[in-house]
There are 2 protein chains.
Amino acid sequence: MKRLEDKIRECGEVREGGIVKVDYFLNHRIDVAFLGEIGQEFHRLFKDTRPDVVMTLEASGIAIALATAQAFGVPVIFAKKSESLNLDKDCFVSEVYSYTRQQSYKIKLSKRYLNKGMRVLIVDDFLARGNAVEGMLELCRQAGAEVCGVGIVIEKCFQEGGASLRAKGVEVKSLAMISSIDLEKGIEFAPNPTEEVQG
Amino acid sequence: MKRLEDKIRECGEVREGGIVKVDYFLNHRIDVAFLGEIGQEFHRLFKDTRPDVVMTLEASGIAIALATAQAFGVPVIFAKKSESLNLDKDCFVSEVYSYTRQQSYKIKLSKRYLNKGMRVLIVDDFLARGNAVEGMLELCRQAGAEVCGVGIVIEKCFQEGGASLRAKGVEVKSLAMISSIDLEKGIEFAPNPTEEVQG
């Protein structure tokens, strides 16, 4: 998604350790109109998979899931990270290791909202080592739900998550594929197979 | 908002201690079409205040803020709760006590996204004791931003938050006002001044 690459080049903030922050339009401030374009693009890429629901993980995935679900006309379900006292006890649970926070945490989804045979489109903001997506796939496995695909806004191709998921047969499509992030050289993008070939 | 009261009666789950969970359409699974109606209703109630931005607190406020910001055509900014290593160091910070989690936590908003004179519409899912809203008001005070109003999806009128904020002159408007929550009697609503008088 050319517009996304431009936006990352323009507003992304590069940090040490291969990190790029997109707080200006996605993860702290949200550019609502642009988010709508992201939702439309996921719809274009996954419309043939006919999802019943869009799944994500709180908190940064929620806005993306919502824009995508609007494009499809289906509900959102989001896995919760916290140990909130109010969370339904009857949940599917899996564990995710966060490199950002340097700790493992549980993600949970109520058994009421994820059912056997349900067609699930998973979306998230970033894909790096793939732990969050693996955690969501595990929730779907426990439920017997069918994963129609995984839509990622920004994939870091220099980390193994995307390759590892694709090797397992998971349909991963990313709107921007970053091949390198360097404090001096900035951000470089890999060719993206989701781009429409212009005639 | 009559439709919201009906939805809370129909799908809200009453718990001990004056708690009602609306996980079915707002806080775990999101009914995207209905969320759009919530955004439109906040637009109707606050359109004369001309906000530059809609502010909320992660995670449960994000979807509501987004639907509201879509109706206004402005961006969302959301305060972050976590001590993420990636969070901008240059932030406005305030503290919120959560009765649900029985602990205080910091909320932070980058100084880049909240500026002096900016007109801010604050929205959130629940208003009970008012701690989260007070925390967001404090962020706006630190920035010198102007709060045009506070839009709440569900206010618990039997707790003091709403009355206390209104006594301070804050323009609080809630789409559903619950006067009591009882395990046996269920949920009762107070008359809501935001309802349009039908001619």
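Residues numbered from 1 in each chain as written. Chains lettered and ligands numbered in written order. Predicted model: local features only at pLDDT ≥ 70, side-chain atom pairs only at ≥ 80, totals over all residues. Heavy atoms only, no water.

**Some remarks on the side chain of Glu155 of chain B**
Residue and element names in this part refer to chain B. Residue position: Glu155 is located in strand β9 (residues 146-156). Residue class for Glu155 comes out buried when judged on its relative accessible area of 2%. Setting aside residues no more than four positions away along its own chain, Glu155 makes contact with Leu127, Gly162, Arg166, Val172, Ser174, Ala176, Met177 and Ile178. (Helix = DSSP H or I, 4+ residues; strand = E, 2+ residues; numbered from the N terminus. Buried < 20%, exposed > 50% of the residue type's maximum accessible area, 1.4 Å probe, protein only. Contact = heavy atoms within 4.5 Å.)

**Digging into the interface of chain A and chain B**
Contacts between chain A and chain B engage 41 residues on the former and 41 residues on the latter. In this assembly, chain A packs against chain B so that about 3500 Å² is buried in total across both faces, 60% of it on carbon and sulfur atoms. Between the two partners, chain A and chain B, sit two salt bridges. In this structure, Arg112 of chain B engages Glu13 of chain A in a salt bridge whose closest nitrogen and oxygen atoms are separated by 3.1 Å. Our enumeration of links across chain A and chain B arrives at 13 residue pairs in polar contact (both at pLDDT 80 or more). For the side of chain A that touches chain B, the leading source of residues is helix α4 (residues 62-72) of chain A, giving five residues. (Buried area = accessible area lost by both parts, 1.4 Å probe. Salt bridge = Lys/Arg side-chain N within 4 Å of Asp/Glu carboxyl O. Polar contact = N/O pair within 3.5 Å; in protein donor to acceptor, adjacent residues only side chain to side chain.)

**Considerations on the pattern of salt bridges**
All names here are of chain B. The final tally for this structure, using the stated rule, is 28 salt bridges over all chains. Put simply, Asp6 and Lys2 hold a salt bridge, and the shortest N to O gap is 3.2 Å. Residue Asp6 and its partner Lys2 are both found in helix α1 (residues 2-11); the two are separated by four residues, about one turn of the helix. With relative accessibility at 32%, the residue Asp6 sits in the partly exposed group.

**What about the environment of Arg101 of chain A?**
Looking at the element boundaries, Arg101 of chain A is found in the loop between β6 (91-98) and β7 (103-110). In this structure, the C-alpha to C-alpha distance between Arg101 of chain A and Lys81 of chain A, residues 20 residues apart in sequence, is 13 Å.

**Some thoughts on the relation of the copies chain A and chain B**
Superposing chain A onto chain B takes a rotation of 180° plus a shift of 0.0 Å along the axis, which leaves an RMSD of 0.0 Å. Seen this way, the second copy is the image of the first under a two-fold rotation axis. Among all C-alpha atoms of chain A, that of Ala59 of chain A lies closest to the rotation axis, at 2.5 Å. The fraction of interface residues of chain A whose copies in chain B are also interface residues reaches 100%, indicating that both copies meet through the same surface. (Least-squares fit on C-alpha atoms with pLDDT ≥ 70 in both.)

Purely geometric numbers; function is a separate question.
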